[in-house]
2 protein chains.
Amino acid sequence: MQFSVGVEYALHCLVYLVNLPPDSPIGIKDLAAYQGVSDSYLSKFFTQLVKAGIVRSVPGVKGGYELAKKPEDISFWNVVTAIQGEASLFQCKEIRHNTLPFRENKFQCYSEKCLINSVMLEAESHLKNYLCTKTIAWLHENLDKHIPEIQQEQKRWFKEKLYNR
Amino acid sequence: MQFSVGVEYALHCLVYLVNLPPDSPIGIKDLAAYQGVSDSYLSKFFTQLVKAGIVRSVPGVKGGYELAKKPEDISFWNVVTAIQGEASLFQCKEIRHNTLPFRENKFQCYSEKCLINSVMLEAESHLKNYLCTKTIAWLHENLDKHIPEIQQEQKRWFKEKLYNR
DNA sequence: TAATTATAGATAAAAATCATCTATAATCAG
DNA sequence: CTGATTATAGATGATTTTTATCTATAATTA
Ligand code: SF4
Ligand code: SF4
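Report follows, based on the coordinates. Keep in mind that this is a model prediction, so the values were computed, not measured. (Residues numbered from 1 in each chain as written. Chains lettered and ligands numbered in written order. Predicted model: local features only at pLDDT ≥ 70, side-chain atom pairs only at ≥ 80, totals over all residues. Heavy atoms only, no water.)

Observations concerning the protein's contact with DNA strand D
This is how it is decided: Near is defined per residue: the residue qualifies when any heavy atom it owns lies within 4 Å of the molecule or strand. For the purposes of these results, a polar contact is taken to be a pair of N or O atoms within 3.5 Å, where, inside protein, one atom must be able to donate a hydrogen and its partner to accept one; residues adjacent in sequence count only when each atom of the pair is a side-chain atom. Only runs of H or I of at least four residues qualify as helices and only runs of E of at least two qualify as strands under DSSP, and these elements are numbered from the N terminus.
In the vicinity of DNA strand D, 27 residues are found, and the nearest of them are Ser57(A), Gly64(A), Tyr65(A), Ser40(B) and Tyr41(B). Within 4 Å of the protein, the contacting atoms of DNA strand D are drawn from sugar and phosphate to the extent of 71%. Between Met1(A) and DNA strand D, the recorded distance is 3.1 Å, taken from a backbone N or O atom to a phosphate oxygen. Within the side chain of Ser38(B), a nitrogen or oxygen atom sits 3.0 Å from a phosphate oxygen of DNA strand D. Take the surface near DNA strand D: its biggest share by element is 4 residues, from helix α3 (residues 39–51) of chain A.

Thoughts on the packing of aromatic side chains
Residue and element names in this part refer to chain A. The following threshold applies: Stacked, edge-to-face and tilted are the three classes for Phe, Tyr and Trp ring pairs, Trp counted by its six-membered ring, which pair at centre distances within 6.5 Å; planes under 30 degrees apart are stacked, over 60 edge-to-face, the rest tilted. Buried residues are those whose accessible area, probed at 1.4 Å on protein chains only, stays under 20% of the maximum for their type, while exposed residues exceed 50% and partly exposed ones sit between those limits.
Counting across every chain of the model gives 20 aromatic pairs over all chains. Both rings, one in Tyr-9 and one in Phe-45, keep their centres 6.1 Å apart while their planes meet at 15°; by these two values the pair is stacked. Remark: Phe-45 occurs in helix α3 and Tyr-9 occurs in helix α1 (residues 5–16); sequence separation between them is 36 residues. You'll find Tyr-9 and Phe-45 in the same group, each marked buried. Connected via pairs of aromatic rings, a cluster forms that spans Tyr-16, Tyr-34, Trp-157 and Phe-158.

What to know about the protein's contact with DNA strand C
By nearness alone, 26 residues border DNA strand C, and Ser40(A), Tyr41(A), Ser57(B), Gly64(B) and Tyr65(B) come closest of all. Here, DNA strand C places atoms within 4 Å of the protein, and 71% of those atoms are sugar or phosphate. Note that a phosphate oxygen of DNA strand C is positioned 3.0 Å from one of the side-chain N or O atoms of Ser38(A). Met1(B) is positioned with one of its backbone polar atoms (N or O) 3.1 Å from a phosphate oxygen of DNA strand C. Among the elements that line the surface near DNA strand C, the one with the most residues is helix α3 (residues 39–51) of chain B, at 4 residues.

Laid out in structure tokens, this is it:
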């Protein structure tokens, strides 16, 4: 049970989009070139981010992607669900339905009143609540503090790409 | 990203082992027959539960499995890690290493100081802490309250199997 | 000694994940 | 209007993980 790499790609790329001049979207080609993956691969994640309302897409010449919200309104949890979907971590496979007394049609097991399910859901909500408190704005700000050289280099590169369109 | 079904099987089966007479292990055949799966399948999970110190195995004739600890000392988290392993939910795939300035050997990215990684770890610890508070004893007790008929039937069945060995 | 039982490992089907490529639709610069 | 550019959608396939079973082996006890 692992987070998808897509979450990692999305978080990194969203940081690139912070603090750019308004109405100057960045194309998927540039983003993909920077990340070192194919455009079609990265674009899939951006399509999901669009659907989740995290980024806005501008089609056509000089189109691309830009943040649809303020970075302080985009939480880690938003990104995680945008990429992995809303499905909860624990999905009851209804194994009890295959249990002896059930096979003999003695009982039914309804997952609504399932204790295991409710415990897992509650546990997940603790994870969720924490991830909701961490935003792209926070990430951007702290990356600037922790790895300033890398961040500067990265900003330089995207500003230049924006300039040469 | 989903919990393994193994967790569901393990939690259900551990409840069956609560409140049985001492030194009377239940064989994997009975457990598997009750669950409606093959012994070899279920036994794999029990081997993992043994390695995690949750159950004790008794080989040979009239052998089987019994709880190795008091049910109030077995948490949901214990079971989850026994089955899925200790690996954390977020594993950095080091995607930044393939990023443009890194490909040009300008920088290195050490995951020890990675902010994303630390946020994910902290989030997971919230999930962990909650799952540590819920035990097999709690589950057993509350299942008895919520679905008493099913629990009675289940206890009847295992007691009978124990009797006929 | 023989039957029983856990353990280990081989095997394979099914599902999910990762990654790329192609075709299409929308937009804008000229 | 036209052609280039760009996002979107979907097909495709490789790889990995998950699920499930079967077989062989080792330990134990009746
Ligand atoms: S008790 Fe809960 S987890 Fe188990 S089969 Fe029923 S609904 Fe699913
Ligand atoms: S910044 Fe963190 S998540 Fe990203 S590549 Fe570096 S270590 Fe991995």
